[in-house]
Structures are given as C-alpha cells and as structure tokens.
Amino acid sequence: AYTILNNMTKNEIKKQLPELQKFLKIYNNFALIFITLVMSSYLLALWLWLEQHMMLSIIFASSGLFLFYLIHNRLIQMTCYYLKQDPHYERMIQFIEKNSINKSTKDFITQLDKAIKVIQRNN
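Residues numbered from 1 in each chain as written. Predicted model: local features only at pLDDT ≥ 70, side-chain atom pairs only at ≥ 80, totals over all residues. Heavy atoms only, no water.

> What's the story with the packing of aromatic side chains in this structure? I'm lost.
Aromatic rings in a pair are described by how distant their centres are and how their planes are angled relative to each other. For the structure shown, the criterion picks out four aromatic pairs. Ring centres 6.4 Å apart and planes at 25° place the aromatic pair Phe23 and Tyr27 in the stacked group. Of this pair, Phe23 and Tyr27 both sit in helix α2 (residues 17-50), separated by four residues, roughly a single helical turn. In this pair, the class of Phe23 matches that of Tyr27, namely buried. Considering the side-chain rings of Phe30 and Tyr82, the 5.8 Å spacing of their centres and the 90° angle between planes classify their relative orientation as edge-to-face. Placement of the pair is Phe30 in helix α2 and Tyr82 in helix α4 (residues 75-83), with a sequence separation of 52 residues. Under the relative-accessibility criterion, Phe30 is labelled partly exposed at 21%. Classification of Tyr82 as partly exposed rests on a relative accessible area of 41%. Linked through ring pairs, Phe34, Phe68 and Tyr69 together constitute an aromatic cluster. (Phe/Tyr/Trp six-rings, centres within 6.5 Å; stacked < 30°, edge-to-face > 60°. Helix = DSSP H or I, 4+ residues; strand = E, 2+ residues; numbered from the N terminus. Buried < 20%, exposed > 50% of the residue type's maximum accessible area, 1.4 Å probe, protein only.)

> Is there a simple way to explain the layout of surface pockets in this structure?
Any space left empty among the atoms is revealed by the rolling of a water-sized probe across them. Here the largest pocket is characterised by a volume of approximately 220 Å³. Along its surface, the largest pocket is lined by 14 residues, and Phe34, Ile35, Phe68, His72 and Leu75 are the ones closest to its centre. Looking at the lining of the largest pocket, the elements with two or more residues in it are α2 and α6 (105-122). With seven residues, α2 is the largest single contributor of residues to the lining of the largest pocket. Here the lining of the largest pocket is composed, by residue class, of nine nonpolar, four polar and one charged. (1 Å grid on protein atoms, 1.4 Å probe; cavity = no way out; pocket = protein on both sides within 12 Å on 5 of 7 lines; lining within 4 Å. Points joined across faces, edges and corners; volume = space filled by probe spheres on them. Nonpolar A, V, L, I, M, F, W, Y, C, P; charged D, E, K, R; others polar.)

> Please explain α4 as it appears in this structure.
Every α-helix winds through 3.6 residues per turn, so residues three or four apart in the chain are directed the same way. Along α4, the residues that are buried comprise Leu75, Ile76, Thr79, Cys80 and Leu83. Each buried residue of α4 sits inside an arc of 135° when the element is viewed along its axis, so together they form one side. (Arc of directions from axis to C-beta.)

> Help me understand the packing of α2 against helix α3 (residues 54-71) in this model?
Working note: a packed helix pair is described by the angle between its axes plus the distance between those axes. It is the contact of α2 with α3, at a shortest axis distance of 7 Å, that shows an interaxial angle of 165°. One way to sum up the angle between α2 and α3 is to call them roughly antiparallel. Both α2 and α3 take part in a crossing whose hand is left-handed. On α3, the residues touching Phe34, Leu37, Val38, Ser41, Tyr42, Leu44, Ala45, Leu48 and Trp49 of α2 are Met54, Leu56, Ser57, Phe60, Ala61, Ser63, Gly64, Leu65, Leu67, Phe68 and Ile71. Here the contact of α2 with α3 is composed, by residue class, of 16 nonpolar, four polar and no charged. (Axes fitted to C-alpha atoms, helices over the stretch in contact; angles between N-to-C directions. Parallel < 35°, antiparallel > 145°, perpendicular 65-115°, else oblique. Left-handed = near helix turned anticlockwise from the far one by under 90°. Contact = heavy atoms within 4.5 Å.)

> Just checking my understanding: could you explain a nonpolar patch on the surface for this structure?
A cluster of nonpolar side chains, namely Leu43, Leu46, Trp49, Leu50 and Met54, defines an oily patch on the protein surface of about 510 Å² accessible area. The greatest single-element share of the nonpolar patch, amounting to four residues, is contributed by α2. Inspection of the secondary structure puts Leu50 in helix α2. Residue Leu50 is classed as exposed on the basis of its relative accessible area of 54%. (Patch = residues over 30% accessible without salt bridge, like charges linked within 9 Å, V, L, I, M, F, W, Y side chains within 5 Å. Areas by Shrake-Rupley, 256 points an atom, 1.4 Å probe, with all protein chains shown as cover. Salt bridge = Lys/Arg side-chain N within 4 Å of Asp/Glu carboxyl O.)

This is the structure in structure tokens:
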C-alpha cells in the first residue's frame with residue numbers, strides 16, 4: 001500500500017472509512033460554526049464603527065481576532081474530543097492524532113479529504 005499521509009496508508013484509511021467520513025463531517029460542522037462566530041464579530045464591529053461606537057468596535061474586532069487564533073488550530077482536537085464520547089471511535093482518534101502531528105490543520109484536513117475521495121473513487 002502506498003503512503004498517503006505520513007504513515008497513513010490506503011489500507012488503513014479503507015478500514016476506517018466510515019469513521020473518517022464522520023470525523024470530516026463533524027469537523028466541517030465545527031468549522032462552519034467557528035467561521036460564523038468570527039465573521040459575526042467582525043460584522044458587528046463594522047456596524048458599531050459605522051455607528052460611531054469606536055471602543056465597542058475595537059473590542060468586538062479584537063475578540064473576533066482572538067477567537068480566530070485561539071480556535072482555528074484546535075478544530076481537530078475539538079472534533080476528536082467530541083468523538084471520544086463513543087468508544088467506537090477510539091482507534092480512529094488515535095489514527096487522526098498520530099497522523100496530524102507536524103502538519104497544519106489545513107494541510108492535514110485537505111490531504112485526508114483527498115485520500116478519502118481517491119479511495120471512494122477506486123472502490
């Protein structure tokens with residue numbers, strides 16, 4: 001089997017395909033909620049700035065930026081934490097944690113998504 005991500009092989013992904021698909025679905029839901037919160041804070045800051053409430057505008061813009069930096073690299077961990085409630089996902093979580101080390105969140109999710117699509121297409 002050829003290597004797709006670091007130590008992740010095609011066979012490893014095939015064995016856990018439904019779990020990995022659920023992981024990506026939940027990850028994308030968390031990302032959507034996160035993006036909505038950040039963009040809402042920026043839009044609120046813009047509206048407050050246009051209404052001449054400069055201090056409140058700065059507070060909301062800063063909180064949006066803080067939220068972005070605080071959470072955007074932690075979405076994988078948040079998703080794994082959510083899935084840890086079900087022991088069925090324990091092996092998949094270990095798999096994700098092992099293969100996401102030394103990769104940015106964006107790179108890992110992109111590669112995992114591509115690998116899953118390739119495997120689905122070839123089956």
